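Listed below, chain by chain, are the residues.
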Amino acid sequence: MTEQQSGFPRRDAEGRIRTLGDLLGVALAGLVIGVLALVLFDWAFALVGSGDFGRANGWLAVILPAWLFWDDFRAWQFGAARVVAALLAAAVGVVAGLVVAGLVAGLPPLASGALAATAFTLCYVVVWFPGVRWLARRTG
């Protein structure tokens, strides 16, 4: 076995994130950064008169977590396990996000989208991380 990479999130020799906590922590940190960036941009646009505050699409906060998910997806060997796990995790995440967005539809788009992006991120992590490992063991 080759030497493991250092840093955070901790990764194995193949570049896959090693623990659920690391994936969850980095994904949520990226989500918070995305929400803060959206709030800043939305506030700036509202300040110059380009619309009301809170009208930005909060779903955009999922960009950094999605980038992290893509990076972890690429670290897995080519095969059905990673594709099936990613599709299932994305489907569960999107459905959960849409349900949350529907439940909080009365909020401004920035808030409802940010809550939906949070639901997506959490669901993706808890389906992807154990799912890809379980499927990889089953398929060899």
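To be clear, the structure that these remarks concern was listed above.
The notes below deal with the structure included here. (Residues numbered from 1 in each chain as written. Predicted model: local features only at pLDDT ≥ 70, side-chain atom pairs only at ≥ 80, totals over all residues. Heavy atoms only, no water.)

1. Digging into helix α3 (residues 80–103)
So, step 1. Relative to the 34 Å expected for 24 residues at 1.5 Å per residue, α3 spans 34 Å between its end C-alpha atoms, a close match to the ideal helical length.
So, step 2. If you check which residues of α3 are buried, you get A81, R82, A85, A86, A89, G93, A96, G97 and A101.
So, step 3. The elements touched by buried residues of α3 are α2 (63–75) and α4 (109–139). (Helix = DSSP H or I, 4+ residues; strand = E, 2+ residues; numbered from the N terminus. Expected span 1.5 Å × (residues − 1). Buried < 20%, exposed > 50% of the residue type's maximum accessible area, 1.4 Å probe, protein only. Contact = heavy atoms within 4.5 Å.)

2. A closer look at the pattern of salt bridges
So, step 1. In total, this model carries five salt bridges according to the counting rule given.
So, step 2. Two residues, D71 and R11, come together in a salt bridge whose shortest N-O distance is 2.9 Å. Of this pair, D71 sits in helix α2 while R11 is found in the segment before α1 (20–47), placing the two residues 60 residues apart along the sequence.
So, step 3. One salt bridge connects R74 with D71, and the closest N-O pair in it is separated by 3.9 Å. Of the two residues, R74 and D71 both sit in helix α2, three residues apart, roughly one turn of that helix.
So, step 4. On the basis of relative accessibility, which here comes to 53%, the residue R74 falls in the exposed class.
So, step 5. Here D71 falls in the partly exposed class, since its relative accessible area comes to 27%.
So, step 6. Overlapping salt bridges bring together R11, D71 and R74 as one network. (Salt bridge = Lys/Arg side-chain N within 4 Å of Asp/Glu carboxyl O.)

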